[in-house]
Amino acid sequence: MRAVLLATNVLSVSAAFSPIIVTPAHALFGFGDIVFDPSNYAENVLQAARALEQINNQIQSLQNEAQMLINQARNLASLPYSSLQQLQQSIQRTQQLLGEAQRIAFDVQQIDQIFSQQYADMDFTASDQQLVELARERWGNTVGALQDAMRVQAGVVGNIETQRTELSNLVGESQGATGALQATQAGNQILALQAQQLADLTALLAANGRADALAAAEQAAAAEQGREQRRRFLEPGPGYQPGNARMFQGGN
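Residues numbered from 1 in each chain as written. Predicted model: local features only at pLDDT ≥ 70, side-chain atom pairs only at ≥ 80, totals over all residues. Heavy atoms only, no water.

Enquirer: When you look at the overall build of the chain in this model, what are you seeing that I'm missing?
Expert: Each helix and strand counted, the chain has 6 helices and 2 strands in total. Counting from the amino terminus, the chain carries its helices and strands in the arrangement α-β-β-α-α-α-α-α. Taken across its 252 residues, the chain has 19% of its residues classed as buried. If you take every contact in the chain between residues at least 6 apart in sequence, the share linking residues at least 24 apart comes to 75%. (Helix = DSSP H or I, 4+ residues; strand = E, 2+ residues; numbered from the N terminus. Buried < 20%, exposed > 50% of the residue type's maximum accessible area, 1.4 Å probe, protein only. Contact = heavy atoms within 4.5 Å.)

Enquirer: What is the right way to look at the packing of aromatic side chains in this model?
Expert: Any aromatic ring pair is given by two values, namely how distant the centres are and how the planes are angled relative to each other. A complete count under the given rule lists 1 aromatic pair for this structure. Seen from their ring centres, Phe115 and Tyr119 are 4.5 Å apart, and the 25 degrees between their planes marks the pair as stacked. One end of the pair is Phe115 and the other is Tyr119, both in helix H4 (residues 108-120) and 4 residues apart, which spans about a single turn. On the basis of relative accessible area, Phe115 is assigned to the partly exposed category, the value being 25%. Here Arg210 stacks its cationic end above the ring of Phe106, 5.3 Å away from the centre of that ring. (Phe/Tyr/Trp six-rings, centres within 6.5 Å; stacked < 30°, edge-to-face > 60°. Lys NZ or Arg CZ within 6 Å of the ring centre and 35° of its normal.)

Enquirer: Is there a simple way to explain the side chain of Arg210 in this structure?
Expert: Topologically, Arg210 is positioned in helix H6 (residues 180-234). Look at Arg210 and you get buried, because its relative accessible area is 9%. If we skip the residues at most four places from it in the chain, Arg210 touches Ala101, Gln102, Ile104, Ala105, Phe106, Ala145 and Asp148.

Enquirer: For this particular structure, what's the right way to read the nonpolar core?
Expert: In a soluble, globular protein the nonpolar side chains are often hidden away together inside. Core analysis: the largest hydrophobic core is formed by 18 residues, its most contacted members being Tyr119, Val152 and Leu214. Breaking this core down by element, the ones donating at least two residues are H4, helix H5 (128-175) and H6. The element best represented in this core is H6, accounting for 7 residues. The residues touching Tyr119, leaving out its near neighbours within four places in the chain, are Ile114, Arg138, Asn141, Leu214, Ala217, Glu218 and Ala221. (Core = buried A, V, L, I, M, F, W, Y, C linked by side-chain atoms within 4.5 Å.)

Enquirer: What should I look at first to understand the packing of H5 against H6 in this one?
Expert: Two quantities define a packed helix pair, namely the angle between the helix axes and the distance between the axes. Between H5 and H6, the shortest axis-to-axis distance is 9 Å and the interhelical angle comes to 165 degrees. What the angle tells us is that H5 and H6 run roughly antiparallel. As for how H5 packs across H6, the hand of that crossing is left-handed. (Axes fitted to C-alpha atoms, helices over the stretch in contact; angles between N-to-C directions. Parallel < 35°, antiparallel > 145°, perpendicular 65-115°, else oblique. Left-handed = near helix turned anticlockwise from the far one by under 90°.)

Enquirer: Is there a simple way to explain the pattern of salt bridges in this structure?
Expert: A side chain of one charge can pair with a side chain of the opposite charge if their charged atoms are brought near each other. Here the structure, examined in full by the defined rule, presents 9 salt bridges. Asp148 is the partner of Arg210 in a salt bridge, and the nearest nitrogen-oxygen pair spans 3.0 Å. Here the residue Arg210 occupies a position in helix H6, and Asp148 occupies one in helix H5, the gap between them amounting to 62 residues. Across this residue pair, the class does not change: Arg210 and Asp148 are buried. With its nearest N and O atoms 2.7 Å apart, the salt bridge here joins Glu161 to Arg164. You can see Glu161 and its partner Arg164 sitting in helix H5, 3 residues apart, about one turn around the helix. Through salt bridges with shared partners, one network takes in Asp128, Glu228, Arg231 and Arg232. (Salt bridge = Lys/Arg side-chain N within 4 Å of Asp/Glu carboxyl O.)

Enquirer: So what exactly am I meant to see when it comes to a nonpolar patch on the surface here?
Expert: Nonpolar side chains collect at one region of the surface, where Leu52, Ile55 and Ile59 lie side by side and expose about 260 Å² of accessible area between them. Position of Leu52 among the secondary structure elements: in helix H2 (residues 38-76). (Patch = residues over 30% accessible without salt bridge, like charges linked within 9 Å, V, L, I, M, F, W, Y side chains within 5 Å. Areas by Shrake-Rupley, 256 points an atom, 1.4 Å probe, with all protein chains shown as cover.)

Enquirer: Sorry if this is basic, but what is going on with the side chain of Glu218 here?
Expert: Of note, Glu218 is situated in helix H6. An unpaired buried charge is present at Glu218: no salt bridge exists, and Arg138, the closest side chain of opposite charge, is 6.4 Å distant. At a separation of 2.7 Å, a polar atom in the side chain of Glu218 contacts the side chain of Thr142. Apart from residues no more than four positions distant in its own chain, Glu218 is found in contact with Tyr119, Arg138, Trp139 and Thr142. (Lys, Arg positive; Asp, Glu negative; His and termini not counted. Polar contact = N/O pair within 3.5 Å; in protein donor to acceptor, adjacent residues only side chain to side chain.)

See the structure below:
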């Protein structure tokens, strides 16, 4: 401002001793070797403002990209909790119980062989003692199957507490998930838990069905064997044959 005032005074003094000169639209102010051009100054200020706006836009763009990378990192973050080992252990316990089936295992060839020997093809030429032994074998199969079914039931009930704990943990992990991947992995593990529960239910149905089938087969075979033994009992024998008998030794 002092330079502007000084330039104004100089121009006023000069105007008193010189003819009138029409000034251009812009004026140059200066003092000594320093010249101030308002038009050039305004242009520089405008360019600086535009440059500053571009820098701000670039900063905002970098912030958006950084936030996008943070969100992607959250979405790609893996779930720190896994229930796979516990679920596999539960399934292995159930499989072990099924593998310990007594007498008649869950094997198609063995089932066909034993049913052919003890249930389907009744040997009517066997002795009564042999028929009794076969009946005892069938009874043992039925009792063993009932015991196996109860053991599987106990194992399935024992897995319920493990399933409850895992379900609670997975729901908590799902609710506290920081990204899409963690939420998806928690959901997948909950589905795996449901699959393990279905496996237990399948094993339970198989064990109960095996016991029911053997009980029904035993009843059918017992009915057939009973008819054969009744036939033998009612079959006419050779009858009474008279013979000589001596009551006293050495007499006439």
